[in-house]
Structures are given as structure tokens and as C-alpha cells.
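Spelled out from the first residue to the last, the chains are:
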Amino acid sequence: MIEIKGLTKKYGSFYALNDLNLTLQEGTVFGFVGANGAGKSTTFSILATLLQPTAGDAFINGKSVKKDAHEVRKLIGYMPDFFGVYDQLKANEYLDFYGASYGISEAEREILIPQLLDLVNLTHKRYEYVDLLSRGMKQRLCLARSLIHDPKVLILDEPASGLDPRARVEMRDILKQLKGMGKTILISSHILPELAEMCDEIGVIDGGKLIAHGSVAEIQSQLAGERIITVKIKGLLENASTFFEEDPFVSKVEMNDEKNSITFKYRGSEEDQIELLKKALDHSLRIISFSEAETDLEDVFMEITKGAK
Amino acid sequence: MKQALSNPVLIKEIKLRFRSMKSFTGIIFYLLAMCVFVFGFIMLTTSFTGTGYFRPEESFFMFTMLTYIQLGLILFITPGLTAGAISTEREKQTLNILLTTAQTSFQIITGKLTSSIAFLLLLLVAGLPIYSLVFLFGGVSPGQLGIIFLFFFLTMLAVGGIGIMYSTIIRKTIVAMIATYGTMIFLAGVTGFIYLVITGMNTMATGSLATSPAPIAHFFASINPVVLILTLIMPTQSDDFITQTTNIDFPIWAGYTIFYIFITVCSILIAVKKLRVNMKKMR
């Protein structure tokens, strides 16, 4: 559905995007994560035919954003990170205008608009002026606007930014519904946990380069590399500490006398981890619990982007 | 025609314009100003002469004044309506969304231009009843008024096109406005001044009116709307004067029409070309 080949955007000597390659299948929900200025919005702007790439190309449903820009526009629904609304235009008129802009007939628009307003929970606001709506409502209305022509691909640039927790949850619920409709969705955020729940795949971008791509679990295991393991011991901690320090995959062993536990970082595979536990039991260590700590996605993101710099 | 009128940008712009109080107050003040001028002029003239008559030559003078007021209005209001058409969308962050729709750049630009022209036409039409008072007193033919309105329309189109072009290529509305007003001052003022300077210098050099053709002077006279209106109101006298000073017998209205159609087409084409990035361009 989406194929990005060597996409590069240069401003003078600065690379906003550097040789980005990515392929996404139809129906995928792809989360694009990166710090501010990492290249997320640049990528989305190129995909939305708003920005000319310096090199490379991107294809949506086989249509090149460079050569078939007009066709690409019909395939995508784009929601920018910052957008304005027209004064003196009501919510239903706002959708009507964009519907007409996509060549949808008046009769079809009359059926579509109530459905879209219902999808984004704005039916009760259909006769309200758009500029008087709250930020969360404007974001939802903009999302409805991007769906008016039933696009195959949705490009959503930080759709939940600046929203309060309730509005974020509402936005997330709507996106889950869209995922259920089989739309291919590209969604960006600088907050990894926000995307983890709803995305099939995640790409981490930093300094214009895609530094990680895969499912959330893959990214956690492949790139974070280390797992944090906590072992609760009955008996002397020193003996256990010495034992674990001897393992080649173990680092940063710390003892917690109060909790009678040892925490260390482990780099080995899952098989190695099983072997380590077996050895520890054979070594007569009295283990009460042996558990892997939940990796904080924020920490993973910080670790990945730190490595890239 | 039906397709042109179903342009979504045009419909949206007209809707927004007529929901704004600014448009209504603008029309009211414009009509009030016209009324004050026309009725004030008639009152003053009849009072001064003491006869209570309003002669055809006075009616003709009032018509001339009204025509120049209308021209001033077009040259002053059109840039204000068009020079922010695209840049305001950019500043309000609505342009990017508009550009990702299936509308062509031509549709967007013509929609914006047509809505501005439509509002100006409404102003002119709203003022027609007052304008038509001149017919009560004679001195002006309806055909003359029709021709003048045709040239008003052409001027609006050209000035509107220039405004839209600047609005597209310049990011800031205020800069686009300054550029458009600057161009208006050049077309309505500087061109006339250049014409006078060239013909004046020729006269001084030869000691008489032009003996050899002065195409540059004629060109600058042709593209000046003030000169054009003069040739439309007083065709015989003004055409003779221009022919004598430039030694070129080519109607001013023809030169004006060719130049302003050219300007309109070029401005719209540039705006259409520059509205979106050229994704195909090789770097």
C-alpha cells in the first residue's frame, strides 16, 4: 500500500530526512515516533504532496507522490499537526465544503456528513461555528474531514497533541474504530507509549533517519537489547551477587538489602536466560522469585534515540 | 457556467463574506458616500445657479466625477480583497488542508478571484440606481455607461489577478498588500506621469507637438486607467490629444484591453503554478 524509497529532504546542508525506506501493507497501523524535528512531519508532508523531496520517491497504492500527485490526493486523508479552521462556518458546512472539494455530490454529502459527525461524536455540534469548538472537538472534526472521501490511507500528524487526557482517550477510541474499518493509518507522535497500544508497527526516526522499525515487542527486544531482571533470594545476597556477576550476559548487578533482592541487566537470549536460572538453582541459590521487569517504553525510546546521536 | 458556479471555494468564500458584518457595513458606507456626493452635488449646483435647473453639462460633469470615484474604489478595494486571498489561508493554517484536496490549483485560484470580483460587482450594481440619476438630467448615454462598466470589469479582473498572484507568491498578507497597492500606484499614477514626461520632453525638444511616433509614451498612456476613462468619457477630445502628443493613431481602449487581458492571464497562470509545490521538478 505504501512504499517509501530513499526519501531525502535537504535544506542547504541540513538533512531533514535522510534516505528513508519503508514498506507498509494495506490495513497496517503504523506509528511514527521521534523527537520534535526528527523528520516525522517532513515525511508526512511529502506523502501528502505538500513538500517536494530532494531525492527518492514514495508510492501510495502504486501512485508516485512526485508524478501522480493529483491521484495521490484522492487516496489520502491528511491531518496536519497544526491546522486552522474557517471563521463563520458551521461544523456541517465545514465538512460539506471539503466533501465538495473532493467532488462528492450534494446528495451523497447529505448522507455522509451525519455519519461522520456521529463517528467523531460531534452530532450535537453540527450547527455550531467551527471556530467556537474546543481544541479536542476541532481535532475530531478535522479527523472527520480527512475521512470525507473515504480514503484508503490516513496520514495523521500528531492527532492527539495538545489534548487533555479525556480528549486523548476519545481520539484513541476513534482511531481504533478506523483501524477496525481496515484503513491504512500512519500516525505520528513523540510519545511512544501513546502509539504502542493501537499500532501494528512502529518506526523510530531520529535526525531524519529511520533507526528502528517493527512491532512494539520487536523494537523493545531488538533495540533496547537489555532486560532488567530482579531475583528475590532467601539467604546471603553476596553469594548470589558473585554468582550473577560471573555470567557474561549480566551487567550492573545491584543488591537491595531491604527487599532482599538483586537486580541486574541481562543481554542474553531467552534460552540463555532459562539456562541462567537453571544454573542458579544448581548453585544452591534459594530463589524465591526470578522476574523480568516491564520495560518502560519511554526508557526504550530514550535509549534508542541516544544511541543514534 | 454551472461547473464554474459550483466551485466549492467560490461558494465557501461567498458564504463567509456575506456572513461577515464587514461586507454589509462596507456596502452601506459606500452607498451613503455615493448618495452624499450625488445629492450634495445636485443641491449645490441648483443652489449656486439660483435657477433650480440641473443642466445636461452639469449632469455630465457629475457622471465624470462618479466614474472616477468608482475607478478609485476599484483600484483601492480590489487589492484589499484579493491580496490576502491565499496568504491569509496560509497564515490561518488552512491552506495545507485545502491543497491536499482533489481541487485543482486553477479551481482554487479562480474560486478566490471570482468571489472577490463578485463582491465588487455587487458594490457597483448596488450603486447603479444612484449612478442612473444622470440619465434623468441627460448628457450621458446608457451605451457609454455600459462600455465604462465593461472596462471597470476588466480592470477589476486584472487588479484582482495581480492581488491573487502576489498573495500566492508572497507568504505574508501585509507584504502582498503593499506589493499590490504599489503595482496599482504604478499603473494608475506613475504610467501617466511617464507619459506626460516623455511627451513634455518631445514638445520641448521640437518646439511643437510630436512629429515622429512616440510608442513608449503611447504605451504608458494606454495602460493608464485614468487616461482610459478620460478617452471613454470624452472620446473625441482626448483621443485627438493623445494622437497629437504621441503621433500614433491607435485607440487607447484597444491597447488597454490587450495589456490588461495579458496581465490577467499571466497573473492567474503564475498563481496557479506557484500555489502548490512542483512535485515533478528535478533538483
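Here the residue index of a chain counts from 1 through its sequence in written order. Labels are handed out in written order, letters beginning with A for the chains and numbers beginning with 1 for the ligands. Totals for whole chains, interfaces and linings use every residue, but because this is a predicted model, local features are given only for residues with pLDDT of at least 70 and side-chain atom pairs only at 80 or more, for both listing and counting.

## Focus on the interface of chain A and chain B
Facing 28 residues of chain A, the contacting portion of chain B comprises 21 residues. Listing elements by their share of the side of chain A that touches chain B, those giving two or more residues are α2 (69-75), β6 (76-79) and α3 (91-101) of chain A. Looking at the side of chain A that touches chain B element by element, the count peaks at four residues for α3(A). Once C-beta atoms have been placed from the backbone, residue pairs whose C-beta atoms lie within 7 Å are recorded as contacts. For helices the rule is a DSSP run of H or I covering at least 4 residues; for strands it is a run of E covering at least 2, with both sets numbered from the N terminus onward.

## Some remarks on the sheet that holds strand β1 (residues 2-11) of chain A
Residue and element names in this part refer to chain A. Paired strands are those between which DSSP finds at least two bridges. What the four strands build is an open sheet, ordered β2-β1-β4-β5; its pairing is antiparallel. Looking at which strands have only one partner, the edges of the open sheet turn out to be β2 (14-24) and β5 (63-64). One ladder, built from five bridges, connects β1 with strand β4 (residues 55-60); its direction is antiparallel. Directly across from T8, in β4, lies its bridge partner A55.

## Things to note about the environment of M181(A)
Turning to its location among the elements, M181(A) is positioned in the loop between α6 (165-180) and β8 (184-189). Sequence separation between M181(A) and E26(A) is 155 residues; the distance between their C-alpha atoms is 12 Å.

## Let's talk about the nonpolar core
Defined on buried residues, the nonpolar core groups Ala, Val, Leu, Ile, Met, Phe, Trp, Tyr and Cys residues joined through C-beta atoms within 7 Å. Exposure is read from a count of other C-beta atoms within 10 Å of each residue's own; the residue is exposed at 12 or fewer, buried at 20 or more and partly exposed in between. C-beta atoms are placed from the backbone. Judged by nonpolar contacts, the single largest core of 119 residues is most densely connected at L47(A), Y94(A), I155(A), I185(A) and L186(A). Here I185(A) is in contact with V29(A), F30(A), L154(A), L156(A), L175(A), L178(A) and K179(A), once residues within four sequence places are set aside.

## A short note on the sheet that holds strand β3 (residues 29-33) of chain A
Residues and elements named next belong to chain A. The strand order across the open sheet built from six strands is β6-β7-β8-β3-β9-β10, with neighbouring strands paired in mixed fashion. In this open sheet, the two strands that pair with only one neighbour each are β6 and β10 (209-214). Pairwise comparison of adjacent strand axes, ignoring direction, gives a mean angle of 15° for this sheet. Here β6 runs beside strand β7 (residues 153-157); their pairing, made up of four bridges, is parallel. When the bridges of β7 are listed, I76 appears paired with V153. Packed onto the sheet, helix α1 (residues 40-47) meets β3, β6, β7, β8 and β9 (201-206) and runs at close to 145° relative to β7. Helix axes use the C-alpha atoms of the stretch in contact, all axes being lines fitted to C-alpha atoms, and the angles between their N-to-C directions lie in the range 0 to 180 degrees.

## Description of the confidence of the model for chain A
Summing up the model confidence of chain A, the mean pLDDT is 85 and the portion of residues at 70 or higher is 92%. Along the chain, pLDDT gives the predictor's confidence residue by residue, from 0 to 100. Here helix α11 (residues 297-308) of chain A is the element of chain A with the lowest mean pLDDT, 62, and α3(A) is the one with the highest, 94.

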